[in-house]
Amino acid sequence: MEPGIIKKLDEAVVNRIAAGEIIQRPANALKELIENSLDAKSNYIQITIKSGGLKLLQIQDNGTGIRKEDLEIVCERFTTSKLTKFEDLTNIATYGFRGEALSSISHVAHLTIQTKTAQVACGYKACYEDGKLKAPPKPCAGNQGTIISIEDLFYNMPQRKQALKSPAEEFQKLSDVVSKYAVHNSKIGFILKKFGEQPTIKTNVGSTQEQNIRYIFGANIAKELLPIEIEDNIHKFRLKGCVTKVNYSAKKGIMMLFINHRLVDSAALKSAIDSVYSAYLPKGMHPFIYLSLDLEPTNIDVNVHPTKHEVHFLYEDDIIEKIKTYIEIQLLGSNDTRAFYKQLKLPGVVENNENEDNRGSKSEVDKVQPKEIIRTDAKEQKLDKFLITQQNPTQHIKTEFNTSQSSLSQSMNDESFRVTAANISKEVRLTSVLNMQKRVENNCSVHIRKTLKEMVFVGVVDKHFALFQYETRLYLCHTLKFCEELFYQRLLFKFENLPQIKVEPKLPIKQLIVLALNTEESGWTEEDGDKSELASRAATILVEKAAIMREYFSLNISDKGELETLPCLVENHCPSNIYLPLFLLRLATDVEWETEEECFETFCRETARYYTIVSEVELLSDVNRHNWIVEHIIYPAMKRYLLPPNKLKKEMYELTSLPKLYKVFERC
Ligand SMILES: Nc1ncnc2c1ncn2[C@@H]1O[C@H](COP(=O)(O)OP(=O)(O)OP(=O)(O)O)[C@@H](O)[C@H]1O
Ligand SMILES: [Mg+2]
């Protein structure tokens, strides 16, 4: 068959196709119009609907209005007052940025704009079709603001019109949009009404989110709300909102998610939250969720989907995981949950066993071989199940100084280190550091990264090794080798932004270095000269270089030569106290202070080595504590942050796999 001839599409056709992507139903058009009114700084928005928005969808606001001169082109494609350069998109503070919404609407409906700005005496009215002004704008009376009327939506797309639901259902969708925006923008007064009828939604200017939730969604929801508030400096996000406690549930759950004030869908977040609630709510029932997530504008891409309903953002998995855990903790902390669990445990209360009814038929369909069944939840069964000691997790977070050899022992006690988070978030501009980061990224093995991300921790073997499971395989992993790389990378990737561990009271570095010189590991010999003199010199070097360490690595040494803070590389992890003196000595002697990149490289390597080291004394005194840290702090941090270089492949030994074991047993 002959190939078809390629021709350029007519502009009107192109525009109508594009418009059809943005405006799929009246609710999409309304969302665009509300966003325009919000961008125009309105505090009052009234929406009037005829026939589910298909006959008439009108929105009136009291915003800035549109200048008469702009009316000519306002409905053309790609005309906007909000964005000039592509780079602006990384920092966009308005809902709109494409200049496509009004144009799209004008390609699928009759559009009229009536508008008045504060600067002029009268308003203007203009009608549009296919992006073009039909006749010169006519002067008219009116208040400041804009009225946009959309009539006969999809008059030129009969199939689209037919595929829509009934006017009542379309009205419901319009009402959903208004409800959500009215909750999120509670200070703005919203009215939604059917033409000629009383408002179905009417919120007051200046009300609170809680008042609007109560008014729109009812007292049943409002009285069950748990406030949510997270501020995270690591992934740089803020989350505010509220969720219902476990007492409340409904067939049709409500999930309102705003990311940087945009109403968006997130299937991943939804399923994460659902999984939290599924432990409490009856099957098929859902909570009410309202969340407003603020991310660094530079970490989010809003330009992903024609309806802007979808956004992409950095660290999505980690952020969702944190939100999930936080909500889980909030729910567990609420009285209702406790009452709920008690109820379940009372004799006579049977758990919902709907699942079991389906089980028989399901197992027939996808039968899984026993050798393929793998444990994927680390909580299910771990090696320490076989140990008798039960650990109290919180006691491990503190550090203790074991300094029997020094007079400093009094001051170096349990409370020596305290972590303070850095609030600042600086952008790294130094080429040397950016290069080092790039190298780490380029060396990252996708395979090991995936293994780490999906592994399930099994147990600590000894100081050096731990076991984990990945798919059906069991691995022996050299914890220390992985750990050192982890700390090195944290120093690089949190460069200038590391939280601090406070050293309290401050420690005199010269005395610490003398302590170090007294140890065998320092390699001191008589020829090196007097220890006190050497220590003085080393301390002077460190005081001289203090500014670099303070500014870039949150390691503070005062002018008087006292150690005040150390960097916090991984949440809840503190380095060994015992090796602190040696670390300071090495900083003075082994860091290449003179050239920039080498200086950072050697500093990071030395520091990573110090943070990795586990002293025998500490290990002997409390091995369970060490194991706890490895399992609950180190491995989770590796899962989250480590970009493992290829060279770590040889530090991970595959011990066995289920299929192999089955072969062995088959032979027996
Ligand atoms: N209610 C309004 N009040 C004041 N100005 C408005 C209003 N609606 C639209 N405008 C003006 O019309 C322009 C075009 O609006 P349109 O929605 O088509 O594009 P946009 O909002 O800039 O981008 P996007 O297509 O992403 O929504 C806007 O940039 C704004 O200047
Ligand atoms: Mg817009």
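Please refer to the structure placed before this passage.
How each quantity is defined
- Residues numbered from 1 in each chain as written.
- Chains lettered and ligands numbered in written order.
- Predicted model: local features only at pLDDT ≥ 70, side-chain atom pairs only at ≥ 80, totals over all residues.
- Heavy atoms only, no water.
- Helix = DSSP H or I, 4+ residues; strand = E, 2+ residues; numbered from the N terminus.
- Buried < 20%, exposed > 50% of the residue type's maximum accessible area, 1.4 Å probe, protein only.
- Contact = heavy atoms within 4.5 Å.
- 1 Å grid on protein atoms, 1.4 Å probe; cavity = no way out; pocket = protein on both sides within 12 Å on 5 of 7 lines; lining within 4 Å.
- Points joined across faces, edges and corners; volume = space filled by probe spheres on them.
- Nonpolar A, V, L, I, M, F, W, Y, C, P; charged D, E, K, R; others polar.
- Domains from an automatic or database assignment.
- Axes fitted to C-alpha atoms, helices over the stretch in contact; angles between N-to-C directions.
- Parallel < 35°, antiparallel > 145°, perpendicular 65-115°, else oblique.
- Left-handed = near helix turned anticlockwise from the far one by under 90°.
- Core = buried A, V, L, I, M, F, W, Y, C linked by side-chain atoms within 4.5 Å.
- Pairing = 2+ DSSP bridges.
- Phe/Tyr/Trp six-rings, centres within 6.5 Å; stacked < 30°, edge-to-face > 60°.

A. Structural view of the overall build of the protein. Check the secondary structure of the protein and you find 22 helices and 24 strands. Within the protein, the fraction of its 668 residues that count as buried is 46%. Partitioning the intrachain contacts of the protein with sequence separation of at least 6 by distance along the chain shows that 71% fall at a separation of at least 24.

B. Here's a closer look at unusual backbone geometry. Of the consecutive residues Glu 504 and Pro 505, the connecting peptide bond is found in the cis state with omega at -5 degrees. One non-glycine residue, Asn 260, lies in the positive phi region at around 45 degrees. With respect to the helices and strands, Asn 260 occurs in the loop between β12 (254-259) and β13 (262-263).

C. Quick look at the layout of surface pockets. Computed from the structure, the second largest pocket encloses a volume of approximately 1200 Å³. Of all the elements in the fold, those that place two or more residues in the lining of the second largest pocket are α9 (316-333), α12 (431-443), α13 (446-454), α14 (479-493) and α21 (623-641). By residue number, the principal contributor to the lining of the second largest pocket is α12, which donates four residues. For the lining of the second largest pocket, the residue count by class is nine nonpolar, seven polar and 14 charged. Mapped onto the domain boundaries, the lining of the second largest pocket takes at least three residues apiece from domain 2 (218-353) and domain 3 (395-654).

D. Spatial organisation of the environment of Cys 574. Tracing the chain through its elements places Cys 574 in the loop between β23 (562-567) and α18 (580-590). What makes Cys 574 buried here is its relative accessible area of 17%. Residues Cys 574 and Ile 629, 55 residues apart in the sequence, show an inter-C-alpha distance of 9.9 Å.

E. Layout of the packing of α13 against α21. Running from N to C, α13 and α21 cross one another at 135 degrees; their axes reach a closest spacing of 8 Å. Taken together, the axes of α13 and α21 are oblique relative to one another. The crossing of α13 and α21 is left-handed. When α13 is examined against α21, the residues Arg 449, Leu 452, Lys 453 and Glu 454 are found in contact with a partner set consisting of Met 638, Lys 639, Arg 640 and Tyr 641.

F. Quick look at the nonpolar core. In terms of nonpolar packing, the biggest core is built from 78 residues, with Leu 542 and Leu 566 touching the most fellow members. Tallying contributions element by element places α21 first for this core, with nine residues. Core analysis: the next-biggest nonpolar cluster, separate from the first, contains 58 residues, Cys 75, Phe 154, Leu 164 and Leu 174 among them.

G. Examining the environment of Ile 92 more closely. On the secondary structure map, Ile 92 appears in the loop between β2 (56-61) and α3 (101-108). Sequence separation of Ile 92 and Asp 301 is 209 residues, and the distance between their C-alpha atoms is 10.0 Å.

H. The arrangement of the sheet that holds β12 in detail. A sheet is described by the order of its strands in space; here five strands give the open sequence β10-β11-β14-β12-β13, paired in mixed fashion. The open sheet is flanked by β10 (225-232) and β13, the only strands paired with a single partner. When β12 meets β13, the two strands line up antiparallel, connected through two bridges. Residue Phe 258 lies in a different strand from β13, and its bridge partner there is Leu 263. Helix-sheet contacts for helix α6 (residues 209-217) involve β10, β11 (237-244), β12 and β14 (288-295), and the interaxial angle to β14 is about 145 degrees.

I. Inspection of the sheet that holds strand β18 (residues 456-460) at higher detail. Read across the sheet, four strands follow the order β18-β19-β20-β24 without closing on themselves; strand pairing throughout is antiparallel. Two strands bound the open sheet, and with one partner strand each, they are β18 and β24 (652-657). Averaged over all pairs of adjacent strands, the angle between their axes in this sheet comes to 25 degrees, without regard to strand direction. Across five bridges, the pairing between strand β20 (residues 473-478) and β24 is antiparallel. Paired with Cys 477 across the two strands is Met 652, which belongs to β24. The strands touched by α13 are β18, β19 (465-470), β20 and β24; relative to β19, the strand with the most contacts, the crossing angle is about 90 degrees. Together, β18, β19 and β20 form the strand contacts of α21, whose direction differs from that of β18 by roughly 155 degrees.

J. Summary view of the packing of aromatic side chains. What the rule picks out here adds up to 17 aromatic pairs. On the numbers, 5.4 Å between centres and 85 degrees between planes, the contact of Phe 495 with Phe 553 is edge-to-face. Note that Phe 495 is positioned in the loop between α14 and β21 (500-508) and Phe 553 in helix α17 (residues 546-553), a separation of 58 residues in sequence. Residue class for Phe 553 comes out buried when judged on its relative accessible area of 1%. For the pair Phe 553 and Phe 600, a centre-to-centre distance of 6.0 Å together with 70 degrees between the ring planes defines the contact as edge-to-face. Highlighted residues: Phe 553 in helix α17 and Phe 600 in helix α19 (residues 596-612), separated in sequence by 47 residues. Accessibility classification places Phe 553 together with Phe 600 in one group, the buried group.

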